[in-house]
Amino acid sequence: MRLFDSHCHLDDERFNEDRAEVIAHLQEKGVTRCCCVGSDLPSSHRCIALAKEYDFICAAAGVHPHEAKDAPADYLDQLRELLQDPCTVALGEIGLDYYYDLSPRDVQKRVAQEQLELAFEMDMPVIFHIRDAHGDMYEILRARGKKLPAGVIHCCSASPELVREYLKMGFYISFAGPVTFKKAASVVAASLEVPLNRLLIETDSPYLTPVPLRGQRNEPAFVRYILEKQAEIHGVSTEELSEITYQNACDLYNI
Ligand code: NI
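### Section: the pairing of strand S3 (residues 57–61)
Point 1. Across the 5 residues of S3, 5 count as buried, placing the element largely inside the fold.
Point 2. The side-chain alternation of S3 yields two buried faces, one formed by Ile57, Ala59 and Ala61 and the other by Cys58 and Ala60.
Point 3. The pairing of strand S2 (residues 31–37) with S3 spans 4 bridges and is classified as parallel. Bridge pairing in S3 places Cys35 opposite Cys58.
Point 4. The sheet contact formed by S3 and strand S4 (residues 88–97) spans 3 bridges and is parallel. The partner of Ala60 across the bridge, within S4, is Ala90.

### As for the sheet that holds S4
Point 1. On the basis of which strands lie adjacent, the open sheet formed by 8 strands has the order S1-S2-S3-S4-S5-S6-S7-S8 and parallel pairing. At either margin of the open sheet sits one strand with a lone partner, and together these are strand S1 (3–8) and strand S8 (199–201). Each neighbouring strand pair of the sheet contributes to a mean axis angle of 25°, computed without reference to strand direction.

### Things to note about unusual backbone geometry
Point 1. The omega angle of the peptide bond from Gly92 to Glu93 is 10°, so this bond is cis rather than trans.
Point 2. Here the amide bond leading from Val211 into Pro212 is cis, since omega sits at 10°, within 30 degrees of zero.
Point 3. Of note, Pro212 is situated in the loop between S8 and helix H8 (223–234).
Point 4. Phi at Leu208 takes a positive value of approximately 55°, unusual for a residue other than glycine.
Point 5. The topology assignment puts Leu208 in the loop between S8 and H8.

### Observations regarding helix H2 (residues 41–53)
Point 1. Helix length check: H2, at 13 residues, gives a terminal C-alpha distance of 19 Å against a target of 18 Å (1.5 Å per residue), a fit within 8%.
Point 2. Summarising the contacts, the buried residues of H2 are in contact with helix H1 (19–24), S2, S3, helix H3 (75–83) and S4.
Point 3. With a side-chain oxygen lying 2.8 Å from the backbone nitrogen of Ser43, the N-terminal cap of H2 falls on Asp40.

### Some details on the packing of aromatic side chains
Point 1. Applying the stated criterion across every chain yields a total of 6 aromatic pairs.
Point 2. For the ring pair Tyr99 and Tyr100, a centre distance of 4.9 Å and an interplane angle of 90° mean the geometry is edge-to-face.
Point 3. On the basis of an interplanar angle of 70° and a centroid distance of 6.2 Å, the ring pair of Phe222 and Tyr225 is categorised as edge-to-face.
Point 4. With a relative accessible area of 10%, Phe222 lands in the buried category.
Point 5. By the ring-pair criterion, three or more aromatic residues cluster together here, those being Phe4, Tyr246 and Tyr253.
Point 6. One Lys or Arg, Arg131, reaches over the ring of Tyr99 and ends 3.6 Å from the middle of that ring.

### Some remarks on H3
Point 1. Turning to H3, its buried residues are Tyr75, Leu79, Leu82 and Leu83. Buried residues of H3 fall within an arc of 95° about the axis and therefore sit on the same side.
Point 2. Packed against the buried residues of H3 are H2, S3, S4 and helix H4 (105–122).

### Here we look at the pattern of salt bridges
Point 1. Applying the stated criterion across every chain, the model contains 18 salt bridges.
Point 2. When the shortest N-O distance is used, the salt bridge between Lys52 and Asp85 registers 2.6 Å. Of this pair, Lys52 sits in helix H2 while Asp85 sits in the loop between H3 and S4, and the two are 33 residues apart along the sequence.
Point 3. Note on Lys52: relative accessible area 52%, which makes it exposed.
Point 4. For Asp85, a relative accessible area of 17% corresponds to the buried category.

### Quick word on the coordination of the nickel ion
Point 1. Looking at the nickel ion, the protein donor atoms are His7 (NE2), His9 (NE2), Glu93 (OE) and Asp204 (OD), and they sit 2.1 to 2.3 Å from it.
Point 2. Coordination geometry of the nickel ion: the 4 donor atoms subtend angles of 85 to 172° at the metal centre, consistent with an arrangement described as irregular.
Point 3. Donor residues for the nickel ion sit on one chain with the sequence pattern H-x1-H-x83-E-x110-D. Linking His7 in strand S1 with Glu93 in strand S4, this pair joins segments that are 86 residues apart in sequence.

Conventions used here
- Residues numbered from 1 in each chain as written.
- Predicted model: local features only at pLDDT ≥ 70, side-chain atom pairs only at ≥ 80, totals over all residues.
- Heavy atoms only, no water.
- Buried < 20%, exposed > 50% of the residue type's maximum accessible area, 1.4 Å probe, protein only.
- Helix = DSSP H or I, 4+ residues; strand = E, 2+ residues; numbered from the N terminus.
- Pairing = 2+ DSSP bridges.
- Axes fitted to C-alpha atoms, helices over the stretch in contact; angles between N-to-C directions.
- Expected span 1.5 Å × (residues − 1).
- Contact = heavy atoms within 4.5 Å.
- Polar contact = N/O pair within 3.5 Å; in protein donor to acceptor, adjacent residues only side chain to side chain.
- Phe/Tyr/Trp six-rings, centres within 6.5 Å; stacked < 30°, edge-to-face > 60°.
- Lys NZ or Arg CZ within 6 Å of the ring centre and 35° of its normal.
- Arc of directions from axis to C-beta.
- Salt bridge = Lys/Arg side-chain N within 4 Å of Asp/Glu carboxyl O.
- Donors = N, O, S within 2.8 Å, 3.2 Å for Na, K, Ca; no water.
- Tetrahedral: all angles 85-135°; square planar, octahedral: opposite > 155°, others 65-115°.

This is the structure in structure tokens:
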């Protein structure tokens, strides 16, 4: 069985003590690929450096809504360069986060829109982070009409209705640890809307540790708990779903 953790943050400082060890054990735990996703320019650089060091790691570069307020004036030029690196497979993570509101909303929107335009221009898939902001994000996407890049709604928290709209826009839908939590009814309902050929699995590690490992630091190897939960929700075997989600991630990231 091969697993693709489509979204993790192996560059995070919580891996500083034992990063090489965590990565060294990934393949024996079945994780044969993972995408290390940037949240600002420095972390995007770190993700690309990891992807250069390990050929089963690929990278995404982008500015997260939390960091939007600190993006330097020339961030789009810097990002364009990072996206041209052969190790970079996507632009992300980008989007809107009105739960934490760490950047002013108008700045979040501007930085998301600018990066969306860059992705479209460069024909790069986008990794979307959307929290408590699906109304505004959907409006931004809808207003672009057919000018939409490929992409994935990461750690999806949208309603089943919105999931259907995102699917119509051609996006993949990805689920992380929350789908395993006790109060996951709405996430499970959203997941049931997603046809298997548009479903991705991810850890978002070191965040969002799945049940039954809550309280521990999350790591890419734990993506098998997401796989097991999704296989149960969709009534398919873990072997079948691991292969499907692996291929979906390769298709999205053009690997
Ligand atoms: Ni993330």
